[in-house]
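# Structural overview for review
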Amino acid sequence: QVSSEELLMHRVIWTLGLTAILMRFRGSFGEYWSGIRDRKVLLWHCLGAALLAGNWYLFVYGVTNGRIADASLGYFLCPFVTIFWGRVIEKERLSLPQWLAIALAALGVGRLAWSLGELPVIASGIALTWGTFSIVKKRSTLGIFSGLGMEMSILAPFALGYLLWFGWRGEIVLGTLGSQFDWLIASTGVVTIIPLLLYACAVKRVSLATMGLLQYLMPTIGLAIGVFVYDEPFDRDRFIAFSLIWSGLALYATDRVRSARNESRNQILK
């Protein structure tokens, strides 16, 4: 009953409110205000806010329009974008199997684009926005709470203005379907902030390559929900495309495990 646009604006507003509460208890407001006064930090988080808003909108649009499987494809592709940026910007080394994994993912996207007759916009957009957002969070000098608070503060005026415009036109859903429904809308802030904080915490502690490996667990759940719960189509073309991407993920995961074992063995020998 709620449009993708209104849901996105609610996510921003409620996430900002929860983040402000967390910053108050964590004593992060000093760092937050220092970041706002720093032009370089502010511009960096403006980029992060734009990427996050684009990612959220594409995901919410996919979920509310029967495209959960396509959204999950985007998150399957996210690891490859993260790996690519890790190589280009962070200078992380990639082995031959990892490059082959990226090539398989590209083939999968190409196969899907060929069958659809167009670029899979939702999947490609989700992958590019979230994968690039990883770089922004990796390079941010702010803490977890102050960084997220700044990004939500940047988006909040736009979100609030949009909701007021919706209300002026009589199209806003909040407050029209009962308190239980209003609480459900408000809960988007809770279910948004928990994974965001966990992600922001993890991305500062592990390599981008490792983040790329772990990220494909979430879209597996999303794909299962789309296909088995909401009966979304999963035809032959999608199966071929997903199989190519899954093969790339399996190749990459195998290479990572082998590298980790070699590193552990070398440390034991030392």
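Okay, so let's go over this structure. Per chain, the residues get numbers from 1 upward, laid out in the order the sequence is written. In view of the model being predicted, local features appear only for residues whose pLDDT reaches at least 70, and side-chain atom pairs are presented and counted only at 80 or more, with totals across whole chains, interfaces and linings using the full set of residues. The side-chain figures draw on all heavy atoms in the structure; neither hydrogens nor water molecules are used.

### Here we look at the pattern of salt bridges
Pairs can form between side chains of opposite charge once their charged atoms are near each other. Our working definition: Whenever a carboxyl oxygen of Asp or Glu lies within 4 Å of a side-chain nitrogen of Lys or Arg, that contact is scored as a salt bridge. Here the term buried applies to any residue with accessible area under 20% of the maximum for its type, exposed to any over 50%, and partly exposed to those in between, with areas from a 1.4 Å probe on protein chains only. Numbered from the N terminus, helices here are DSSP runs of H or I no shorter than four residues, and strands are runs of E no shorter than two.
For the coordinates displayed, the defined rule picks out 3 salt bridges. The partner of R67 in a salt bridge is D70, and the shortest N-O contact between them spans 2.6 Å. Under the relative-accessibility criterion, D70 is labelled buried at 8%. Of the charged contacts in the structure, one is a salt bridge between D70 and R238, with a shortest N-O distance of 3.3 Å. Remark: R238 occurs in helix 12 (residues 236–269) and D70 occurs in helix 4 (residues 68–88); sequence separation between them is 168 residues. Its relative accessible area of 12% is what places R238 among the buried residues. The network of salt bridges with common partners includes R67, D70, D235 and R238.

### Thoughts on the environment of Y75
Under the convention used in this document: By the criterion applied in these results, polar contacts are pairs of N or O atoms within 3.5 Å in which, for protein atoms, one can donate a hydrogen and the other can accept it, and in which residues neighboring in sequence qualify only through two side-chain atoms.
Among the structural elements, Y75 can be located in helix 4. Residues Y75 and G222 lie 147 residues apart in sequence; the distance between their C-alpha atoms is 9.2 Å. Within the structure, the side chain of Y75 is placed 3.0 Å from the side chain of N55, a separation counted as a polar contact.

### A few points about the packing of helix 2 (residues 29–37) against helix 7 (residues 144–168)
Selection criterion: Geometry is summarised by axes, namely lines fitted to C-alpha atoms with helices restricted to the contacting stretch, and by angles between N-to-C directions that run from 0 to 180 degrees. We call two directions roughly parallel when the angle between them is under 35 degrees, roughly antiparallel when it is over 145, roughly perpendicular when it lies between 65 and 115, and oblique otherwise. A clockwise turn of the near helix away from the far one marks a right-handed crossing, whereas an anticlockwise turn of less than a right angle marks a left-handed crossing. Throughout, a contact is declared for two residues whenever any of their heavy atoms are within 4.5 Å. Ten residue types, Ala, Val, Leu, Ile, Met, Phe, Trp, Tyr, Cys and Pro, are classed as nonpolar, four, Asp, Glu, Lys and Arg, as charged, and the remainder, Gly among them, as polar.
The contact between helix 2 and helix 7 brings their axes to 9 Å, and the two run at 50°. Of the possible angle classes, the one that applies to helix 2 and helix 7 is oblique. Along this stretch, helix 2 crosses helix 7, giving a crossing that reads as right-handed. For the pair formed by helix 2 and helix 7, the contact residues are E31, Y32, G35 and I36 on the first element and S146, G149, M150 and S153 on the second. Residues of the contact of helix 2 with helix 7, tallied by class, amount to 3 nonpolar, 4 polar and 1 charged.

### Considering helix 7
Quick note on the threshold: The span one expects for a helix is its residue count, reduced by one, times 1.5 Å. One axis is fitted to the seven residues ending at the residue and one to the seven starting there. The bend at that residue is the angle between these axes.
In this model, helix 7 (25 residues) spans 36 Å end to end at C-alpha, consistent with the 36 Å of a helix rising 1.5 Å per residue. Along helix 7, the helix axis deviates most sharply at L155, where the bend reaches about 40°; the proline P157 sits within four residues downstream. Backbone geometry just after helix 7 places G170 at a positive phi near 75°.

### Thoughts on a nonpolar patch on the surface
Using the following cut-off: Patch membership requires over 30% relative accessible area and the absence of a salt bridge. Like charges are linked within 9 Å, and nonpolar side chains (Val, Leu, Ile, Met, Phe, Trp, Tyr) within 5 Å. Computed with the Shrake-Rupley method and a 1.4 Å probe, the accessible areas treat only the protein chains shown as cover for residues.
Together, F84, V88, L96, W99 and L100 line one region of the surface with nonpolar side chains, adding up to about 470 Å² of accessible area. At the level of secondary structure, the elements contributing two or more residues to the nonpolar patch comprise helix 4 and helix 5 (96–116). Among the elements that make up the nonpolar patch, the one with the highest residue count is helix 5 (3 residues). Summarising the element assignment, V88 is placed in helix 4.

### What about the packing of aromatic side chains?
The description of two aromatic rings rests on the distance between their centres and on the angle between their planes. How we decide: Aromatic rings from Phe, Tyr and Trp, taking only the six-membered ring of Trp, are treated as a pair when their centres fall within 6.5 Å; an angle between ring planes under 30 degrees marks them as stacked, one over 60 as edge-to-face, and anything in between as tilted. To sit over a ring, a charge needs its Lys NZ or Arg CZ within 6 Å of the ring centre and within 35 degrees of the ring normal.
Under the definition given, this model contains 11 aromatic pairs. Seen in terms of ring centroids, F234 and F242 are 5.2 Å apart; in terms of plane orientation they differ by 65°. Their pairing is edge-to-face. The exposure class assigned to F234 is partly exposed, which follows from its relative accessible area of 28%. Ring geometry for F242 and W246: centres 5.4 Å apart, planes at 55°, overall tilted. Here W246 and F242 lie together in helix 12, a separation of 4 residues that amounts to about one turn. Three or more aromatic residues joined by ring pairs form one cluster here, namely F234, F239, F242 and W246. Seen from the ring of W56, R11 lies directly overhead, with NZ or CZ sitting 4.5 Å from the centre. Residue placement shows R169 over the ring face of W165; its charged tip is 4.5 Å from the ring centre.

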